[in-house]
Amino acid sequence: MNFFRKIISYGSVPLLIALVTVVGWRLFSYADYTLRKKPNARSFDMACLRDSNNLVPMVIIGSGPAGLNAALYAGRAQLDPLVIEGDNPGGALMETTYVENWPARSKILGKDIISEAREQAKGAGAKFLRDTVTSVDFSQWPYAIYTQKGITLRALSIVIATGSTPKTLGIPGEKDYWGKGVTTCALCDAPFHKGHTVVVIGGGDSAIEEATQLAAYADKVYILVRKDSMRAARSMQDRLKGYPTISVLFNKEVTAIRGDDKEVTHIDVYDNVTKQSETMQAQGVFLAIGHTPNSALFAHDLVIDEQGYIAVDKITQQTSVPGVFAAGDVQDNVFKQAVVASGDGAKASISAASFLMHQGYSAAFEESLHANMFKFGQEADARKHVVALRSEQDFVEKVKQSQGTVVVDFYADYCPSCLKMLPDVEEIANTFAESVTFYKVDVEEVSSVAEDLHIKSIPALLVFQNGALVGRFNEAMSRQQLNECVLRFVPGASA
Ligand code: NDP
């Protein structure tokens, strides 16, 4: 009871009993309803926990606002939550500039919301694992979670907060020119478009945000909207009035992206009112066409709706499996706001605490299972840092005149995808320390090197062998993708 009492530090005993009863009733009635849709035999026998190892009372999958707030609540409830950060720590907010509707803050950077929330959750006792879930098995309790680093966790309760991924168009040229002018991150790549004409595709808030970021660099920005109106909030549309170089074109569908092999030069556009097609000059194509929920990992075990969102009870956030909850954009097809995700995270965490209490879990019981619990910290962070090249001469000596395989990560401090990828680059550098040398180059600090190498988008990873450029990767990569891409250049290794 101790942990639950801490959740409602101001609460009275009757209030506590009422809340537990309501949440408990919702949990079991929803599970009963959904389990009939997706049958699954499980028993929640606390005695069986003594036969398991790597036990975690609450695993939170994802580290955006939903995951971090779930971690804060679970930490304060002394549930020793473990956050698995995933491939994109911090999630979508890391790629947003200013947020003006975060409670109690008139204006705050998205990445600052994340770093402050992370510190707060950490201070409350949450642990953070820099790893990615590769599969789950919810057919038996405690639930199995398998990670990329080869760890198997047995979770007594789970909060899924995996967010969503930006959509792409699937048109000719999109893949060929990805990172060569086509991207989803204006914050990262706008500085490469000084004096250019660029297009933003989409009619939502993101399209407006991307366009205003681009207007600081590009000569002309067109927003191409497929309907005759924008979906973006009126207040966001009003922002455009202050930007004379941004024009909105309605009823336009992009059908192909063209270039000269090195970079984008043109796009084909179809007007769905006049039924005419035309070719437009554009050196940058920024996609802002919404997101797909990251639910595929759970499709086998949970009820997912026809659009890919995890089905939850809207009061408790419980999924179709008891003890498994979901919060944030992976289950929200309506609001998709950071503050709503954060609130959902709190609901999911309180519900998970209630679920554990119903199973008879307590701090004393956890103490008695000490030997069976997951020992955090065994995979301690003993990384060596990747050396920065700070001048053109440095680059020539260390890379152009080098023998063997050298990987150079081009990044900038203003680029969130780059900052997210850097720790993974460092980890991979340590993995390949015997056979590959890694460096990083800040494109602002050593801009001449970036220009000579035609870097158009960051992060960019370039591979050199005996001083010659042999590989170029123009996109943000996950740890696993980095590993696979470097492995290709290690003599004698196979990916
Ligand atoms: P949205 O889903 O709101 O908008 C997507 C836009 O892309 C729509 O205009 C949609 O058109 C268009 N679209 C979708 N598919 C295609 C396609 N194949 N071709 C052309 N256009 C297409 O996504 P956002 O990323 O803009 O916003 C997501 C959420 O994040 C929203 O809730 C938003 O409010 C929030 N947000 C808030 C911000 C802020 O407050 N600062 C900043 C950014 C986002 P159609 O309308 O025709 O379907």
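The structure under discussion appears in the preceding block.
Residues numbered from 1 in each chain as written. Predicted model: local features only at pLDDT ≥ 70, side-chain atom pairs only at ≥ 80, totals over all residues. Heavy atoms only, no water.

K.L.:
Quick rundown of the overall build of the chain? Include the residues and the values.
P.N.:
Counting its secondary structure elements, the chain contains 13 helices and 24 strands. Taking all 495 residues of the chain together, 53% fall into the buried category. Considering only intrachain contacts with a sequence separation of at least 6, the fraction spanning at least 24 residues in the chain is 67%. (Helix = DSSP H or I, 4+ residues; strand = E, 2+ residues; numbered from the N terminus. Buried < 20%, exposed > 50% of the residue type's maximum accessible area, 1.4 Å probe, protein only. Contact = heavy atoms within 4.5 Å.)

K.L.:
Explain the site of the ligand to me, and be specific about the residues and the numbers.
P.N.:
Contacts to the ligand come from 18 residues, most closely from Gly203, Asp205, Ser206, Lys227 and Arg231. Between the ligand and Asp205 there is a distance of 2.5 Å, counted from an oxygen atom to a side-chain nitrogen or oxygen. Note that an oxygen atom of the ligand is positioned 3.1 Å from one of the side-chain N or O atoms of Gln337. Calculation on the ligand without its partners gives an accessible area of 920 Å², and the protein chains cover 80% of this total. With 3 residues, helix H6 (residues 205–215) is the largest single contributor of residues to the shell around the ligand. Here the residues of the shell around the ligand sort into 5 nonpolar, 7 polar and 6 charged. (Near = heavy atom within 4 Å. Polar contact = N/O pair within 3.5 Å; in protein donor to acceptor, adjacent residues only side chain to side chain. Areas by Shrake-Rupley, 256 points an atom, 1.4 Å probe, with all protein chains shown as cover. Nonpolar A, V, L, I, M, F, W, Y, C, P; charged D, E, K, R; others polar.)

K.L.:
Mind laying out the side chain of Asp131, listing which residues take part and the relevant values?
P.N.:
Note that Asp131 resides in the loop between strand S5 (127–129) and strand S6 (133–137). Of note is the side chain of Asp131, whose polar atom sits 3.4 Å from the backbone nitrogen of Gln148.

K.L.:
Now, about the pairing of strand S17 (residues 284–287): what can you tell me, with residues and values included?
P.N.:
Along any regular strand the residues' side chains alternate between the sheet's two faces. Judged by which residues are buried, S17 turns out to be covered on both faces: Gly284 and Phe286 on one side and Val285 and Leu287 on the other are all buried. Across 4 bridges, strand S11 (residues 197–201) lies against S17 in parallel orientation. If you follow Val200 over to S17, its bridge partner there is Phe286. (Pairing = 2+ DSSP bridges.)

K.L.:
Tell me about helix H3 (residues 65–76), and please be specific about residues and values.
P.N.:
In this model H3 runs 17 Å from its N-terminal to its C-terminal C-alpha over 12 residues, within 8% of the 16 Å that 1.5 Å per residue would give. Among the 12 residues in H3, 10 count as buried, and that is most of the element. Looking at H3, one finds that the buried residues are Pro65, Ala66, Gly67, Leu68, Asn69, Ala70, Ala71, Leu72, Ala74 and Gly75. Packed against the buried residues of H3 are strand S1 (55–61), strand S2 (82–84), helix H4 (110–123), S5, strand S8 (152–160) and helix H8 (338–358). Where H3 terminates, the next one or two residues include Gln78, which has phi positive at roughly 60 degrees. (Expected span 1.5 Å × (residues − 1).)

K.L.:
Go over the pattern of salt bridges, please, and point to the residues and values.
P.N.:
Evaluated as defined, the whole model comprises 16 salt bridges. We note a salt bridge from Glu278 to Lys252, for which the minimum N-O separation is 3.8 Å. Here Glu278, found in strand S16 (residues 276–281), pairs with Lys252, found in strand S14 (residues 252–259); they are 26 residues apart in sequence, far enough to count as distant. The buried category is assigned to Lys252, whose relative accessible area is 15%. The shortest N-O distance in the salt bridge between Glu445 and Arg390 comes to 2.9 Å. Of this pair, Glu445 sits in the loop between strand S22 (436–442) and helix H12 (447–452) while Arg390 sits in the loop between strand S20 (387–388) and helix H10 (392–400), placing them 55 residues apart in sequence. Salt bridges sharing partners connect three or more residues here, namely Arg130, Asp131, Lys149, Asp424, Glu427 and Arg479. (Salt bridge = Lys/Arg side-chain N within 4 Å of Asp/Glu carboxyl O.)

K.L.:
Give a detailed account of the packing of aromatic side chains, specifying residues and quantitative values.
P.N.:
Throughout the structure, instances matching the rule amount to 7 aromatic pairs. When the ring of Tyr361 is compared with that of Phe365, the centres are 6.3 Å apart and the planes differ by 75 degrees; the resulting orientation is edge-to-face. Judged on exposure class, the residue Tyr361 and its partner Phe365 are both buried. Relative to Phe489, the ring of Phe473 has its centre 6.2 Å away and its plane inclined at 80 degrees; by these criteria the two rings are edge-to-face. Here Phe473, found in strand S24 (residues 468–473), pairs with Phe489, found in the segment after helix H13 (479–487); they are 16 residues apart in sequence, far enough to count as distant. Residue class for Phe473 comes out buried when judged on its relative accessible area of 15%. Grouping aromatic residues by their ring pairs yields a cluster made of Phe44, Trp141 and Phe355. Cation over ring: Arg118 sits above Phe128, and NZ or CZ is 4.2 Å from the ring centre. (Phe/Tyr/Trp six-rings, centres within 6.5 Å; stacked < 30°, edge-to-face > 60°. Lys NZ or Arg CZ within 6 Å of the ring centre and 35° of its normal.)

K.L.:
Got a sec to walk through the nonpolar core? Specific residues and values, please.
P.N.:
One recurring pattern in soluble globular proteins: nonpolar side chains tend to sit buried together. Of all hydrophobic cores here, the largest spans 66 residues; its most connected members are Phe138, Ile145, Leu153, Ile158 and Ile160. A total of 7 residues in this core trace back to one element, the largest contributor, which is H8. What Ile160 contacts, discounting residues up to four positions off in sequence, is Ile61, Phe138, Phe298, Leu302, Ile310, Val324, Phe325, Ala326, Ala327 and Val330. Listed in part, the 27 residues of the second largest apolar core include Phe395, Val406, Cys415 and Val441. (Core = buried A, V, L, I, M, F, W, Y, C linked by side-chain atoms within 4.5 Å.)

K.L.:
Can you lay out the pairing of S16 for me, pointing to particular residues and giving the numbers?
P.N.:
Two strands pair when backbone bridges link them, and strand S15 (residues 264–271) and S16 are joined in this way by 6 bridges, in the antiparallel orientation. Of the residues in S16, the one forming a bridge with Asp268 is Thr279. In sequence, S15 turns back onto S16 through a hairpin of 4 residues, with Lys275 there showing a positive phi of about 60 degrees.

K.L.:
A description of the state of the cysteines should follow, citing residues and the corresponding values.
P.N.:
Counted according to the given criterion, the structure contains 2 disulfides. Disulfide pairing is shown between Cys185 and Cys188; the S-S distance is 2.2 Å. Here the disulfide of Cys185 and Cys188 is right-handed, its torsion about the S-S bond being about 75 degrees. On the basis of relative accessible area, Cys188 is assigned to the buried category, the value being 1%. Here Cys415 pairs with Cys418 through a disulfide, and the sulfurs are 2.3 Å apart. Note on the Cys415 and Cys418 pair: the S-S dihedral is about 85 degrees, so by sign convention the disulfide is right-handed. Using a relative accessible area of 0% as the deciding quantity, one classes Cys415 as buried. Relative accessible area serves as the criterion here: at 1%, Cys418 is assigned to the buried category. Counting only the cysteines that take part in disulfides, in the order they occur along the chain, gives the pairing 1-2, 3-4. (Disulfide = S-S within 2.5 Å.)

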